[in-house]
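# Topology and contacts: notes
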Amino acid sequence: IMLLLVIARLTFNPWVILYDVSSFTLLLTYAGCLAASLIAARELQDRQELKAWLYSASAHLLVLTLAVFTRYLLYGGDIFAKEFNLTEASVYVCSWAAVGIIYEWKSNQLVNYQRWYRGMAMLHIYAAGLLFVFYNMFEHNPLWRSESIGNTPVFNLLLIAYGLPVVLAVAIYKRIAALKKHAGIISITGVYLFATLEIRHLWNEGLRLNMPVKEGELYTYSLVWLLLSLAIMIYGAVRNNNDAKKAGVVALLLVIVKAFFWDMRDLDGLWRVVSFLGLGLSLLGVAYLFNKLKSVEKTDRAS
């Protein structure tokens, strides 16, 4: 009961704070409660029921501590600052999804509390997915919102905001059958978005759509999208995953349409002939590779 009261108090702290204390003290409070819960779980090795509660509390306290620590660093030590940005949202997405995966893993370890852990896993993962889709992808996407990404290629805010969530979505896709479809959609959409933003960042100082697209940047999109489509198709063929194969084919068709109607529209003479020839040879190679994979798949089934 005391454990639940402490967790409830710390969870709703921003709305029911009734004391005058520094943000650093509050940060130590969250970290101290997390440490105490972990130590207690370690000490109670022979009390499985109490360990289950303490590990659940530790996972929840970890999310709260990360949130408080993130706000402390982002807003100059003001935990209760009335601000919210892409960096903070990305930390929440990753921490909630990771805790959801931990809860799902614990549900398979403790059968008596399987429904409880699975429910908590779904709650955290759905919250992470909704925040990622509605805030990171749409509301605060750097393509149309001003956001400081950093100057370092690849290793910047985009990696945390769009790269790591894709990795976690793939982990959820592989582990949780009930969320397979949703996690697959987010994985495929997220990896294309991450690649697109990284290419935009490599070729330009900013990401906004109102900036002109350079010629080399345009072809880089086509090349990377083509490679991603092929990778998805190969994965679908090797794993006999029809959804992945369909997604790869649809993505490949979109890349072809882009190449025909956008990439080649300004080419003239010999360059246009060479480009069409190269695209045709690429499609023949893709068709050969796909048929080869299908024949291997049929052989495996027969054996």
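Structure: see above.
These notes cover the structure that comes with them. (Residues numbered from 1 in each chain as written. Predicted model: local features only at pLDDT ≥ 70, side-chain atom pairs only at ≥ 80, totals over all residues. Heavy atoms only, no water.)

## Looking at the overall build of the protein chain
Regarding its fold elements, the protein chain presents eleven helices and zero strands. For the protein chain, the N- to C-terminal ordering of α and β elements is α-α-α-α-α-α-α-α-α-α-α. Within the protein chain, buried positions represent 41% of all 303 residues. Sequence separation of 24 or more characterises 61% of the internal contacts of the protein chain that already satisfy a separation of 6 or more. On the protein chain, roughly 17800 Å² of surface is accessible, and the fraction owed to carbon and sulfur atoms is 68%. (Helix = DSSP H or I, 4+ residues; strand = E, 2+ residues; numbered from the N terminus. Buried < 20%, exposed > 50% of the residue type's maximum accessible area, 1.4 Å probe, protein only. Contact = heavy atoms within 4.5 Å. Areas by Shrake-Rupley, 256 points an atom, 1.4 Å probe, with all protein chains shown as cover.)

## A closer look at the packing of aromatic side chains
Under the counting rule described, the total for this entry stands at eight aromatic pairs. With centroids separated by 6.2 Å and ring planes inclined at 50°, the aromatic side chains of F24 and Y72 adopt a geometry described as tilted. Of the two residues, F24 sits in helix α3 (residues 23-43) while Y72 sits in helix α4 (residues 48-74), which places them 48 residues apart along the sequence. Y72 sits in the partly exposed class, given a relative accessible area of 24%. Within the aromatic cluster, the residues linked to one another by ring pairs are F84, Y92, W96 and Y135. (Phe/Tyr/Trp six-rings, centres within 6.5 Å; stacked < 30°, edge-to-face > 60°.)

## Re the side chain of S58
Checked against the element boundaries, S58 lands in helix α4. The exposure class of S58 is buried, given its relative accessible area of 4%. At 2.8 Å, the side chain of S58 forms a polar contact with the backbone oxygen of L54. (Polar contact = N/O pair within 3.5 Å; in protein donor to acceptor, adjacent residues only side chain to side chain.)

## Details of the nonpolar core
Judged by nonpolar contacts, the single largest core of 19 residues is most densely connected at L131, L158, Y162 and L197. Mapped onto this core, the elements with two or more residues apiece are α5 (86-109), α6 (114-139), α7 (157-175) and α8 (180-203). Residues contacting L158, with those up to four places away along its chain left out, are P142, I149, G163, F194, L197, E198, H201 and L207. The next biggest cluster of nonpolar side chains, apart from the first, holds twelve residues, and it includes I101, M122, A128 and I176. (Core = buried A, V, L, I, M, F, W, Y, C linked by side-chain atoms within 4.5 Å.)

## Looking at the packing of α4 against α6
Viewed as axis vectors pointing N to C, α4 and α6 meet at an angle of 10°, and their least axial separation amounts to 12 Å. On the basis of their axis angle, the class for α4 and α6 is roughly parallel. Residues A52, W53, Y55, S56, H60 and V63 of α4 form the contact with α6, whose participating residues are W116, Y117 and H124. Residues that form the contact of α4 with α6 fall into these classes: six nonpolar, three polar and no charged. (Axes fitted to C-alpha atoms, helices over the stretch in contact; angles between N-to-C directions. Parallel < 35°, antiparallel > 145°, perpendicular 65-115°, else oblique. Nonpolar A, V, L, I, M, F, W, Y, C, P; charged D, E, K, R; others polar.)

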